[in-house]
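Listed below, chain by chain, are the residues.
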Amino acid sequence: MDARADNPALRRGYARALRLLADPASPVHGMVAVSRTAITLADRPYEDQLLWHTHHHTGLWLVRNESAI
């Protein structure tokens, strides 16, 4: 799978959430997703998102365990 084809940051709603998370004045400190696959099916973009959250001191919580999918 081409990782660029499944980049969650290119989705309008997801990109808006990232902008809110990156804004120090925003009351938003994290996001919740049903599962890893709700973010992306591709490994690299998912890893990039985890790193993004680490660098911005925000959280990404998954409702379902990744290993259960």
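If you're wondering where the values come from, they're calculated on a predicted model, not measured in any experiment.

Asks: Would you mind going over the pattern of salt bridges in detail, with residue names and values included?
Replies: Under the counting rule described, the total for this entry stands at two salt bridges. In this structure, D43 and R36 form a salt bridge, with 2.7 Å as the shortest nitrogen-oxygen distance. In this structure D43 comes out as partly exposed when scored by relative accessible area, which is 48%. Residue R44 is joined to D48 by a salt bridge in which the shortest nitrogen-to-oxygen separation is 3.1 Å.

Asks: So what about the side chain of S35? Which residues, and what values?
Replies: With respect to the secondary-structure elements, S35 resides in the loop between strand 1 (30-33) and helix 2 (36-39). Classification of S35 as buried rests on a relative accessible area of 2%.

Asks: So what's going on with a nonpolar patch on the surface? Residues and values would help.
Replies: A cluster of nonpolar side chains, V32, W61 and V63, forms an exposed patch at the surface whose accessible area comes to about 350 Å². A relative accessible area of 61% means that V32 is categorised as exposed.

Asks: How would you summarise helix 1 (residues 12-22) if you had to cite specific residues and measurements?
Replies: Along an α-helix, residues three or four apart share an orientation, since each turn contains 3.6 residues. Every buried residue of helix 1 is accounted for by Y14, A15, L18 and L21. Taken around the axis of helix 1, the buried residues stretch over an arc of 120 degrees, which confines them to a single face. Opposite the buried face of helix 1, at more than 90 degrees from it, the exposed residues are R12, G13, R16 and R19. The secondary structure elements touched by the buried residues of helix 1 are strand 1, helix 2 and helix 3 (43-56).

Rules of the game
Residues numbered from 1 in each chain as written. Predicted model: local features only at pLDDT ≥ 70, side-chain atom pairs only at ≥ 80, totals over all residues. Heavy atoms only, no water. Salt bridge = Lys/Arg side-chain N within 4 Å of Asp/Glu carboxyl O. Buried < 20%, exposed > 50% of the residue type's maximum accessible area, 1.4 Å probe, protein only. Helix = DSSP H or I, 4+ residues; strand = E, 2+ residues; numbered from the N terminus. Patch = residues over 30% accessible without salt bridge, like charges linked within 9 Å, V, L, I, M, F, W, Y side chains within 5 Å. Areas by Shrake-Rupley, 256 points an atom, 1.4 Å probe, with all protein chains shown as cover. Arc of directions from axis to C-beta. Contact = heavy atoms within 4.5 Å.

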